[in-house]
Amino acid sequence: MTDSTVTIEVDGRTLEAKAGTMLIDVTDAAGITIPRFCYHKKLSVAANCRMCLVEVEKVPKPLPACATPVTDGMKVYTRSPKALAAQKGTMEFLLINHPLDCPICDQGGECELQDVAIGYGRDVSRYSEGKRVVADKNIGPLIATDMTRCIHCTRCVRFGEEIAGIREMGATGRGEHMVIGTYIEKSVDSELSGNVIDLCPVGALTSKPFRFNARAWELTQVEGVAPHDSIGSNLNLHLRGNQVMRVHPRDNESINESWISDRDRFSYEGLYSSDRLTSPMIKKSGEWMEVNWEMALEMAAAGLGEIKEQDQVGALLSPTATLEELYLAQKLIRGLGSNSIDSRLRQGDFRLDAGLKQASWLGLKISDIDSLDAALVVGGNLRKEQPILAHRLRKAALAGAAVHFITPLQLELNYESRQSIATPAEMVKRLAAVAKAAGVKGSGSLAALLNAAEADEFAETAAASLKQGDASAVVLGAMAQSHPDYSLLYALAAGLAGACGAKVSVLPEAGNSVGAQLAGAVPHLLPGGKSAQSAGPDALSMLKLPRKGYLLLGVEPGVDFHNPALSQSALQSADMVVALSAYRTPELEACCDILLPMAIFSETSGTYVNAEGVWQRTRGAVKPQGEARPGWKILRVLGNLLNQQGFDYTDPDEIGEELHALCNGASLDNRPVEGLDLEPKLGRDGLQRGGDTPLYASDPLVRRAAALQQTKDAGQGVMRLHPKEAERQGLNSAENAVIRQNGYQATLPVTLDEAIPEGCVWISTGLRSTSMLGQPFGEVTVEKA
Amino acid sequence: MANEVCLRTLDLERPWLIEQYQSRGGYEVLKKILSEKTAPEAIIEEVKKSGLRGRGGAGFPTGLKWSFISRNAPGQKYVVCNSDEGEPGTFKDRDILRYNPHQLIEGMVIAGYAIGATCGYNYIRGEFWEPYERFEQALEEAREAGFLGEDILGSGFDFQLHTHLGAGAYICGEETALLESIEGKKGQPRYKPPFPAHFGLYGCPTIINNTESLASIPMIMEQGGEWFADIGVKNSGGPKLFSISGNINNPGVFEIPMGTPFSELLAMAGGMKDGRKIKAVIPGGSSAPVIPGEQMMELNMDYDSIAGAGSMLGSGAVIVLDDTNCMVKILERMSYFYHEESCGQCTPCREGTGWLYRIVHRIETGQGRQEDLDLLDDVADKIAGKTICALGDAAAMPVQGMLRHFRHEFQYHIDHKRCMVGVG
């Protein structure tokens with residue numbers, strides 16, 4: 001392919017294009033419509049549907065526009081008799097075996113086959129024989145199949161190979177017997193699998209949760225932003241009346257391209273969970289009763305206001321809340337005279353806060369990940385934390401980037417990379433080895449760590465690749481951030497990045513993790529991301545030294561915290577806990593005194609600041625359920641009732657603008673922290689626990705998305721360990737084990753898993769079934785139950 | 001002038017053994033080329049001069065194909081031999097593999113030398129177990145004798161040759177589907193361009209030639225391109241193997257000069273069985289349009305003569321039909337074959353071949369409708385030239401040929417719900 005520009009003529013129109021561009025891309029850009037099925041701008045060319053056949057002068061046969069590179073002087077006719085005959089011929093062939101069951105097909109009304117058939121099909125079929133019938137497959141809870149409708153365009157197959165990176169779908173059989181499927185009946189488990197629903201031009205692959213629920217023409221489309229991961233994928237919410245019926249991706253090349261993760265696509269189901277909190281409630285003598293808003297708010301204000309030492313009020317805020325909610329919540333608490341505010345509920349170590357003067361972030365643009373030359377990911381299972389980011393890193397890897405992982409469990413990756421699998425305590429040592437190989441010296445305890453480290457072959461290779469790359473990054477994933485020695489990992493990563501000319505990339509956990517830092521919803525930073533004079537206690541300290549009163553925003557004790565058991569006991573010991581929540585759970589009821597029903601996700605307007613610092617504002621698309629109100633309104637009234645200044649907002653935009661002005665000049669910076677002397681906290685003795693938060697356990701909304709909860713990525717309340725470790729612990733034939741951790745205890749099923757390093761057992765957090773245990777990393781003892 | 005090139009050892013006892021092949025001067029050309037370090041361009045030039053055209057059916061000039069490879073480009077290149085021989089009616093390559101495998105090996109080594117490839121694959125049709133074993137044995141002998149492997153005959157030239165046994169799919173005889181199959185993927189043709197000369201096996205420059213084409217190379221190099229060209233006629237150099245079958249007394253493989261009158265070939269094959277009247281001939285494998293018998297008797301067996309009659313020489317598979325054959329039945333059988341063998345990748349072939357078969361089938365079984373003949377023509381026309389590979393054309397051409405010459409027989413079938421009087 002050359003850079004030279006060529007001139008072609010299409011239907012008499014003169015067009016200029018880069019030589020070698022496929023004809024269909026040129027005509028698409030010029031607004032000339034050529035029908036197609038197998039072509040997709042993000043997938044490789046297959047040229048198998050033959051719908052885009054056009055006439056090219058001096059070529060005897062019609063040519064597929066999707067696979068014909070433009071050359072200078074080319075004359076193309078897209079609607080000449082010859083081109084139309086070819087297109088209509090293909091259309092007729094496509095329809096002879098298609099069931100034409102449009103009235104009962106979910107794709108009806110938004111079907112590419114239907115649309116193109118209007119223009120190129122006959123009104124009566126000349127094919128009178130029996131049609132092909134294909135048995136449907138069960139490929140899991142997310143995607144419904146009607147394979148008789150399949151037109152074999154192979155978009156889903158190519159998506160699996162090229163984008164999702166796992167070949168789950170394929171074509172088997174020949175000729176008319178060719179069928180698309182998984183060959184062996186299995187579920188499609190890719191975290192991006194739902195995109196094949198959008199890619200399928202017909203009704204062969206449709207959304208299972210949405211199935212038979214609405215017609216395309218009954219739906220209205222509004223824009224949205226996904227709150228779950230820090231990408232901030234752009235969404236189109238499809239509504240019928242006051243209900244979100246389904247979610248589709250909205251193209252944004254710099255963020256999510258044309259894709260969204262399954263979490264972003266199917267989490268809307270959580271809106272309609274039966275445990276929605278629909279009325280304000282108060283606990284009186286241990287009994288919950290519904291009350292009106294006035295009473296609930298007055299009691300909440302009084303309850304928080306009555307706490308004598310006002311710094312004894314702590315706020316624990318969800319990083320999936322809107323920027324406006326986070327800002328108002330911290331404003332309220334700071335107004336009460338407290339600086340006990342945090343939204344980093346799963347973080348395991350806050351020693352860095354003293355040195356962090358600015359908000360930490362991805363460290364580079366999301367789209368720049370595609371062109372990284374090298375990356376070292378520490379404690380990050382990207383596919384199961386930030387699927388779109390993982391896809392982008394895979395693109396870089398396929399283009400030749402060297403990707404290394406230091407990870408506490410073996411990861412299932414879809415590209416070539418190297419993993420250094422270490423127990424949680426060992427991870428620090430492994431990272432120190434890479435830093436040492438890169439020539440990092442360090443001071444104080446860091447120097448001791450570096451001195452003690454042995455730069456093995458992995459460390460040398462990883463360091464060399466980071467140094468060689470023009471664009472490289474040291475990425476700290478969710479498991480690094482929940483590590484009890486996160487500050488050490490960070491300091492080492494920063495030193496390493498500095499020595500290699502690489503970026504430090506902190507993978508923010510949730511949709512507003514960066515936003516929360518800018519909104520002042522962290523103890524060490526004020527609104528605008530400015531350093532606080534005196535930092536308040538962090539999320540973990542607030543629980544270790546329980547407050548008298550708590551304000552909870554969109555969080556659930558036991559499942560949204562670093563230390564699940566501690567979160568429950570600390571909250572239960574408080575005098576007054578006010579929770580703004582969309583849901584009513586036994587754990588909340590046990591801890592709280594007042595429950596205020598809050599709008600969530602699409603029900604409220606608000607802003608999300610994604611990992612790279614892009615502010616994205618969304619509008620409330622549907623009305624909150626029952627008596628629920630948007631969080632900003634609840635917080636505004638609480639502010640008023642507590643006689644605080646500056647709570648007279650009439651519109652969430654005013655809040656956003658107020659904060660935006662405060663953020664003027666604020667920058668995101670993963671600067672190395674100096675002057676902190678950090679000792680490793682995580683002991684190396686005994687059996688260690690490791691733990692992640694499963695993909696679909698990340699926040700209250702997704703935990704209630706019924707279909708997602710039926711998938712593998714929902715996570716299981718089990719104890720996983722290496723078969724050899726099981727033998728050592730006398731558990732190889734045990735069905736269940738008793739796990740003891742810091743005085744907490746649980747009995748869980750035992751699963752043997754070679755992905756877990758020896759010396760370690762793996763128990764996920766974020767699950768109700770493991771919420772009686774403590775933090776995800778630390779010493780445990782196990783025995784046969 | 002028969003059996004001069006590919007079957008030159010046929011008269012010997014156990015002609016597939018290396019010593020037998022060498023007794024006729026086998027591997028001498030290779031020795032000469034390697035010892036004299038003949039310029040690869042000179043070899044390609046000689047092949048061009050010979051007028052050798054691809055013997056698999058498409059008839060593309062072999063020398064020209066070789067010249068598309070940029071010999072000096074870095075990286076691996078491949079020579080692939082297409083011994084898939086799936087075209088109904090064709091059984092000539094089988095006899096080369098069985099009786100003269102060494103000549104193919106020698107041809108492939110020379111081809112590798114000419115294009116700068118150090119590795120080759122011979123893709124053998126899945127049903128060919130005996131030829132596969134013979135070829136494998138020949139490979140062993142050739143390796144033993146130093147004609148294959150590293151540093152062949154001390155020349156510094158390496159050439160590894162491997163066999164790949166197919167699994168019975170007709171489509172894998174299509175060159176790019178064959179490459180996919182060698183790569184371990186589903187046998188489906190690739191969209192061209194890029195052609196294999198630029199993006200072939202494992203994405204490397206590759207030449208793919210038919211067994212007979214490659215087996216002709218040693219004799220071309222021994223006797224010279226002109227000698228080879230002179231055996232045949234203009235535009236059709238050399239002798240060719242013809243697989244003749246059907247209602248004849250002595251079906252078999254004959255190596256005769258291009259341009260030999262069909263009548264002579266028929267006589268060699270023992271003439272018509274039971275002295276019956278020749279009704280039609282399918283001159284180049286089942287995908288070649290049928291030619292009425294009388295017309296065929298006037299034609300010669302070369303590319304231009306057959307093409308002039310609206311058909312093609314193809315792979316040289318001559319199917320002779322006498323007047324007992326019902327043409328509807330014949331077409332039904334052929335259409336069933338293409339329907340069964342379509343790979344399913346692209347729409348017109350996947351959907352159209354089944355439709356063609358179903359229409360012909362209902363005519364054959366007395367369910368035909370008046371509009372069916374026009375429909376057949378139309379469906380065939382909508383497949384031809386619209387598909388990724390030539391299988392679509394291969395399915396359409398027999399239909400078009402039959403309707404051109406025997407439409408009345410099909411019409412009779414529709415009108416009377418049975419075969420024409422005196423037929424079937």
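Turning to the overall build of chain A, a few remarks are in order. For chain A, the count of helices and strands is 23 helices and 34 strands. Relative to its length of 785 residues, chain A is compact, with a C-alpha radius of gyration of 28 Å against a globular reference of 28 Å. On the principal axes, the C-alpha backbone points of chain A span a range of 85 × 65 × 60 Å. For chain A, buried positions account for 63% of its 785 residues. For chain A, contacts bridging at least 24 residues in sequence account for 71% of all contacts bridging at least 6. In the form shown here, chain A has an accessible surface area of approximately 28,300 Å², with 49% of it arising from carbon and sulfur atoms. Both charge centroids of chain A, one from 78 positive and one from 95 negative side chains, sit 3 Å from each other.

Centre distance and the angle of the planes are the two values used to describe a pair of aromatic rings. All told, the structure shown has 16 aromatic pairs over all chains when counted by the stated rule. With a centroid separation of 6.2 Å and an interplanar angle of 85 degrees, the aromatic rings of Phe93 of chain A and Trp355 of chain B are classed as edge-to-face. One end of the pair, Phe93 of chain A, is in helix α2 (residues 81–96); the other, Trp355 of chain B, is in helix α15 (residues 347–364), on a second chain. For Trp355 of chain B, a relative accessible area of 0% translates into the label buried. When the centroid spacing of 6.3 Å and the interplanar angle of 20 degrees are considered together, the rings of Phe157 of chain B and Phe159 of chain B count as stacked. By relative accessible area, Phe159 of chain B is classed as buried at 0%. Grouping aromatic residues by their ring pairs yields a cluster made of Phe93 and Tyr127 of chain A together with Trp355 of chain B. Above the plane of the ring of Phe210 of chain A lies Arg246 of chain A, whose end atom (NZ or CZ) is 4.6 Å from the centre. Sitting over the face of the ring of Phe647 of chain A, Lys331 of chain A holds its NZ or CZ atom 5.3 Å from the ring centroid.

About the cut-offs
- Residues numbered from 1 in each chain as written.
- Chains lettered and ligands numbered in written order.
- Predicted model: local features only at pLDDT ≥ 70, side-chain atom pairs only at ≥ 80, totals over all residues.
- Heavy atoms only, no water.
- Helix = DSSP H or I, 4+ residues; strand = E, 2+ residues; numbered from the N terminus.
- Rg over C-alpha atoms; globule rule 2.2 N^0.38 Å.
- Buried < 20%, exposed > 50% of the residue type's maximum accessible area, 1.4 Å probe, protein only.
- Contact = heavy atoms within 4.5 Å.
- Areas by Shrake-Rupley, 256 points an atom, 1.4 Å probe, with all protein chains shown as cover.
- Lys, Arg positive; Asp, Glu negative; His and termini not counted.
- Charge placed at Lys NZ, Arg CZ, Asp CG, Glu CD.
- Phe/Tyr/Trp six-rings, centres within 6.5 Å; stacked < 30°, edge-to-face > 60°.
- Lys NZ or Arg CZ within 6 Å of the ring centre and 35° of its normal.

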